[in-house]
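# Close look at the chain arrangement
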Amino acid sequence: MVLQTEKRYYTPEEYLELEEKAEYKNEYRDGEIIPMTGGTTNHNNIAGNFYKKFPLTVQGQDYEIYIGDVKLSIFRYRINTYPDVMVIKGKPIYEGTGKTIITNPLLIVEVLSNSTKNYDKTDKFKYYRSIPGFQEYIMIDQYSFAVEQFAKQAEGQWIFKEYEGEDAVLVLDSIDFQIALRDIYERVDFELIEE
């Protein structure tokens, strides 16, 4: 006999209260609280490398860049998540009165893992596309020199580019900035088998 347990749904307020006390990060998806998997050292190095190489001022325009621990609220789908890296032009717009949940990324970077890449490439990208002002999505493979880029051209229209090999150079579309893949993958050991 199979015992079925009733699925519990939480309000956004309940999620935020629980998240403040949690020992690990959780994503909120329309009432469900989903534990996030832990990152690997390669994952952490890749996100950190992008973060530290990105200048806060590009041609006189101010940007804010956040890594890993800042929540993003996606109102349309009732989602709170933690992108690996987010770039905001100007000042962050916060949800509510606190300063822990932002709503206005221009660019999001996700480091792909075997356990999350399907979600990152499908549903998560759909959720991200619903954010007003969101212009660019970068997905970085942590197992080889490979980057996928989606840049918004018009409403409902995204251009796809891919970059492979350590000599390739990622050129952002929404910001005048480029970075060599060898710099993104600095200190990454592809022989480490982690998940």
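Scroll up to find the structure this text is about.
Residues numbered from 1 in each chain as written. Predicted model: local features only at pLDDT ≥ 70, side-chain atom pairs only at ≥ 80, totals over all residues. Heavy atoms only, no water.

### What about the sheet that holds strand β2 (residues 32–35)?
The strand order β2-β1-β6-β5-β8 describes an open sheet built from five strands, whose pairing is mixed. Both edges of this open sheet fall to β2 and β8 (101–102), since each of them pairs with a single strand only. Sheet topology places strand β1 (residues 26–29) next to β2; four bridges connect them, and they run antiparallel. The residue bridging Arg 29 from the neighbouring strand is Glu 32, located in β2. Set on the sheet, helix α1 (residues 12–21) makes contact with β1, β2, β5 (71–74), β6 (79–81) and β8; between it and β1 the angle comes to about 180°. (Pairing = 2+ DSSP bridges. Helix = DSSP H or I, 4+ residues; strand = E, 2+ residues; numbered from the N terminus. Contact = heavy atoms within 4.5 Å. Axes fitted to C-alpha atoms, helices over the stretch in contact; angles between N-to-C directions.)

### Examining the packing of aromatic side chains
What describes a pair of aromatic rings is the distance from one ring centre to the other and the angle between the planes of the rings. Enumeration over the complete set of coordinates arrives at 18 aromatic pairs. Here Phe 54 and Tyr 63 contribute two aromatic rings whose centre-to-centre distance is 5.9 Å and whose plane-to-plane angle is 90°, an arrangement assigned as edge-to-face. Across the pair, Tyr 63 and Phe 54 agree in class, each one buried. Summarising the aromatic geometry, the rings of Phe 145 and Phe 190 are spaced 5.0 Å apart at their centres and angled 70° between planes, so their arrangement reads as edge-to-face. (Phe/Tyr/Trp six-rings, centres within 6.5 Å; stacked < 30°, edge-to-face > 60°. Buried < 20%, exposed > 50% of the residue type's maximum accessible area, 1.4 Å probe, protein only.)

By themselves, these figures tell us nothing about what the structure is for.
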